[in-house]
Amino acid sequence: MSDRHFDALAARFAEKIYGGAKGAIRLAVLQADLAEILPPRPLRVLDVGAGLGHMSLWLAQQGHEITLAEPAAPMLDGARERFAAAGLEARFIQASWQQLASAGEQTYDLVICHAVLEWLAEPAAILPVLHGLLDADGWLSLAFYNRDALIYRNLLKGHFKKLRTQSFAGERQSLTPQQPLDPRELAAQLAEYFVVERTSGVRVFHDYMPSDFQARTELGELLEMELAYRRHPTFQGLGRYLHWLCRPR
């Protein structure tokens, strides 16, 4: 298995991930979490696997100095277009996380790594690299595809064969991640490099709603409830993604 990049799927990615309620909820939760910890001064921010730059653009709008690193040229071009349309500047690097590690990149106040680990052949290998890119008093914003939520959804659908065989990887050309992450395993791997200080679930109930309920529920109500319950001790762990804000050791 190799790392997955999105060279040929940029348009599909934009429509599927950010074209509806799922993307809106994801951005709302991530932004609410980050707003709690961002100081009232400009930060040097690195977005690893920046994709189309949705989170980076929001941070740039808050006045932060942004570097976007993305290995897929079509995705990086899409991010450039979004920044240009907004009249904002950033530094754009076409690079994988391995290239960042070997290039002697500077350190940053905030490193973002959202929806990256689940596409890597060896997810744990990126953790020391992220640590090395972060200032001693900085923050890591880590969001990842939650294996527990995938198991629960398969239980609800009666997909017991998948559960017996542990066949969770998406097809090669699909947008289903190839390596959903076990939160307990990831926490143990993170502990060598980071302290997890805050946690949230992303889409703790939306993806479990019947489709007709999803269709007739207003987006504003969905966002309100997802934000309200993102840290609930029972529901947080059901988030389709988990968002952890971490400090380096």
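Naming follows an unreviewed UniProt entry, where the protein chain appears as tRNA 5-carboxymethoxyuridine methyltransferase of Stutzerimonas balearica DSM 6083. For the record of the protein chain, the UniProt heading Sequence similarities (unreviewed entry) holds the text "Belongs to the class I-like SAM-binding methyltransferase superfamily. CmoM family." Taken from UniProt, the Catalytic activity (unreviewed entry) comment for the protein chain reads in full: "5-carboxymethoxyuridine(34) in tRNA + S-adenosyl-L-methionine = 5-methoxycarbonylmethoxyuridine(34) in tRNA + S-adenosyl-L-homocysteine".

Participant: Would you mind going over the environment of Ala 95 in detail, with residue names and values included?
Facilitator: Take Ala 95: it is sitting in the loop between strand S3 (91-93) and helix H5 (97-102). Residues Ala 95 and Leu 76, 19 residues apart in the sequence, show an inter-C-alpha distance of 9.9 Å. Setting aside chain neighbours within four positions, we find Ala 95 in contact with Ala 69, Glu 70, Pro 71 and Leu 100.

Participant: Tell me about the pattern of salt bridges, and name the residues and values.
Facilitator: Here the structure, examined in full by the defined rule, presents 14 salt bridges. Here Asp 33 makes a salt bridge to Arg 231, at a shortest N to O gap of 3.1 Å. Here the residue Asp 33 occupies a position in helix H2 (residues 21-37), and Arg 231 occupies one in the loop between helix H11 (219-229) and strand S7 (241-248), the gap between them amounting to 198 residues. For Arg 231, a relative accessible area of 31% gives the class partly exposed. Through salt bridges with shared partners, a single ionic network connects Asp 33, Glu 36, Arg 198, Arg 230 and Arg 231.

Participant: Tell me what's going on with the packing of aromatic side chains, and back it up with residues and numbers.
Facilitator: For the structure shown, the criterion picks out five aromatic pairs. Taking the ring centre of Tyr 241 as reference, the NZ or CZ of Arg 26 above it sits at 5.0 Å.

Participant: Any details on the nonpolar core? Residues and values, ideally.
Facilitator: Formed by 30 residues in total, the largest nonpolar core has its most connected members in Val 111, Ile 126, Leu 130, Leu 140 and Leu 142. Elements that contribute at least two residues to this core include exactly strand S1 (44-48), H5, strand S4 (108-114), helix H6 (127-132), strand S5 (134-145), helix H9 (183-190) and S7. In terms of residue count, S5 provides more of this core than any other element does, four residues in total. When near neighbours in sequence (up to four residues on either side) are disregarded, Leu 130 contacts Val 48, Val 111, Cys 113, Leu 140, Leu 142 and Phe 194. Ranked by size, the runner-up nonpolar core spans 23 residues in total, among them Leu 27, Leu 34, Leu 38 and Trp 58.

Participant: Give me the UniProt feature "binding site: S-adenosyl-L-methionine" (unreviewed entry) in the protein chain: which residues, what numbers.
Facilitator: In the numbering used here, UniProt assigns the feature "binding site: S-adenosyl-L-methionine" (unreviewed entry) to Arg 26, Gly 49, Ala 50, Glu 70 and His 114. On the secondary structure map, Arg 26 appears in helix H2. For Arg 26, a relative accessible area of 8% translates into the label buried. Checked against the element boundaries, His 114 lands in strand S4. Setting aside chain neighbours within four positions, we find His 114 in contact with Leu 30, Val 48, Gly 49, Met 55, Ser 141, Leu 142, Ala 143 and His 243.

Participant: So, the packing of helix H3 (residues 54-61) against helix H4 (residues 73-86): which residues are in play, and what are the values?
Facilitator: Where H3 meets H4, the axes come as close as 10 Å, and the angle between the chain directions of the two elements is 25°. When the axis of H3 is compared with that of H4, the two are roughly parallel. Crossing geometry of H3 relative to H4 is assigned as right-handed. Residues His 54, Ser 56, Leu 57 and Ala 60 of H3 form the contact with H4, whose own contacting residues are Arg 82, Phe 83 and Ala 86. Of the residues that constitute the contact of H3 with H4, the class distribution is four nonpolar, two polar and one charged.

Participant: Could you give me a rundown of the side chain of Ser 56, with the residues and numbers involved?
Facilitator: Along the chain, Ser 56 turns up in helix H3. Of the residues examined, Ser 56 reaches a relative accessible area of 0% and is grouped as buried. Beyond its immediate stretch of four places on either side in the chain, Ser 56 contacts Asp 47, Ile 66, Leu 68 and Phe 83.

Participant: Break down H3 for me, with residues and values.
Facilitator: In terms of burial, H3 is largely enclosed, as seven of its eight residues are buried. Looking at H3, one finds that the buried residues are His 54, Met 55, Ser 56, Leu 57, Trp 58, Leu 59 and Ala 60. Just beyond H3, the residue with positive phi is Gly 63, at close to 95°.

Participant: Go over the layout of surface pockets with me, naming the residues and quoting the values.
Facilitator: Its volume calculated, the second largest pocket comes out at about 220 Å³. Lining of the second largest pocket is provided by 14 residues; of these, Gln 179, Pro 180, Leu 181, Asp 182 and Glu 185 occupy positions nearest its centre. Looking at which element gives the most residues to the lining of the second largest pocket, the answer is H9, with three residues. Its residues assigned to classes, the lining of the second largest pocket shows seven nonpolar, four polar and three charged.

Calculation criteria
Residues numbered from 1 in each chain as written. Predicted model: local features only at pLDDT ≥ 70, side-chain atom pairs only at ≥ 80, totals over all residues. Heavy atoms only, no water. UniProt positions renumbered as here; feature names shortened; annotations may be inferred. Helix = DSSP H or I, 4+ residues; strand = E, 2+ residues; numbered from the N terminus. Contact = heavy atoms within 4.5 Å. Salt bridge = Lys/Arg side-chain N within 4 Å of Asp/Glu carboxyl O. Buried < 20%, exposed > 50% of the residue type's maximum accessible area, 1.4 Å probe, protein only. Phe/Tyr/Trp six-rings, centres within 6.5 Å; stacked < 30°, edge-to-face > 60°. Lys NZ or Arg CZ within 6 Å of the ring centre and 35° of its normal. Core = buried A, V, L, I, M, F, W, Y, C linked by side-chain atoms within 4.5 Å. Axes fitted to C-alpha atoms, helices over the stretch in contact; angles between N-to-C directions. Parallel < 35°, antiparallel > 145°, perpendicular 65-115°, else oblique. Left-handed = near helix turned anticlockwise from the far one by under 90°. Nonpolar A, V, L, I, M, F, W, Y, C, P; charged D, E, K, R; others polar. 1 Å grid on protein atoms, 1.4 Å probe; cavity = no way out; pocket = protein on both sides within 12 Å on 5 of 7 lines; lining within 4 Å. Points joined across faces, edges and corners; volume = space filled by probe spheres on them.

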